[in-house]
Amino acid sequence: MDDGSGKTTLVSKEAMAAAVASASKKVRMIFFNACFSQREAQAVVDKVEAAIGMNTEIGDEAAIVFAAQFYSSIGFGKNLQQAFDQAKAALLLKGIAEEHTPVLYVRKGLLAQDIVMVESEALKKSDNVTIMQKIKNIFS
């Protein structure tokens with residue numbers, strides 16, 4: 001981290017977890033898109049619902065492709081497991097053999113497939129509408 005004078009200083013994973021926990025009760029997930037950030041992700045997952053870290057070095061292109069697809073999937077209402085899997089698939093589709101570098105951690109007692117960060121407006125509006133009602137609405 002920047003120490004305020006333009007110099008960098010190391011921060012322990014415990015300090016990072018404490019900072020996250022005290023920052024906001026609304027933080028649900030943390031994405032450490034940096035090399036060797038697996039331990040940080042593991043350290044904060046008891047403070048948030050989920051965290052992503054990298055278990056080794058990650059190339060710039062891989063980090064960009066993975067993050068772009070992950071956040072796109074989240075934005076379209078996919079659950080964390082789907083978003084994570086789609087982001088790994090995006091790496092493979094681009095011919096980037098770093099799909100095993102990102103690691104997803106979920107707080108004990110939760111499942112990644114049950115965590116949805118963004119609920120789409122279409123889904124909200126259709127919760128109480130049956131398939132037959134939707135079909136009738138299309139043709140009326």
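Above this text is the structure in question.
Note that the structure is a prediction, hence the values are computed from the model and not measured. (Residues numbered from 1 in each chain as written. Predicted model: local features only at pLDDT ≥ 70, side-chain atom pairs only at ≥ 80, totals over all residues. Heavy atoms only, no water.)

**Q** It is not clear to me how the pattern of salt bridges should be interpreted in this structure. Could you clarify?
**A** Oppositely charged side chains may form a pair once their charged atoms are brought near each other. Under the criterion given, the structure shown has two salt bridges. The residue R28 makes a salt bridge to E49 at a minimum N-O spacing of 2.7 Å. Of this pair, R28 sits in the loop between α1 (13–23) and β1 (29–31) while E49 sits in the loop between α2 (38–44) and β2 (50–54), placing them 21 residues apart in sequence. Using a relative accessible area of 18% as the deciding quantity, one classes E49 as buried. (Salt bridge = Lys/Arg side-chain N within 4 Å of Asp/Glu carboxyl O. Helix = DSSP H or I, 4+ residues; strand = E, 2+ residues; numbered from the N terminus. Buried < 20%, exposed > 50% of the residue type's maximum accessible area, 1.4 Å probe, protein only.)

**Q** What is the right way to read the side chain of E49 from this model?
**A** At a separation of 2.7 Å, a polar atom in the side chain of E49 contacts the side chain of R28. Beyond its immediate sequence surroundings of up to four residues, E49 is in contact with R28, Y105, V106, R107, L110 and I115. (Polar contact = N/O pair within 3.5 Å; in protein donor to acceptor, adjacent residues only side chain to side chain. Contact = heavy atoms within 4.5 Å.)

**Q** What's the story with the nonpolar core in this structure? I'm lost.
**A** Nonpolar side chains in soluble globular proteins generally cluster together in the buried interior. Residues F31, I52, F66, F70 and L80 are the most contacted members of the largest nonpolar core, which totals 23 residues. By residue number, the principal contributor to this core is helix α3 (residues 60–75), which donates seven residues. The contacts of F31, once residues within four sequence positions are left out, are I52, M54, F66, A67, F70 and Y71. Core analysis: the next-biggest nonpolar cluster, separate from the first, contains eleven residues, V44, V45, V48 and V103 among them. (Core = buried A, V, L, I, M, F, W, Y, C linked by side-chain atoms within 4.5 Å.)

Any functional reading would require information beyond the geometric quantities listed.
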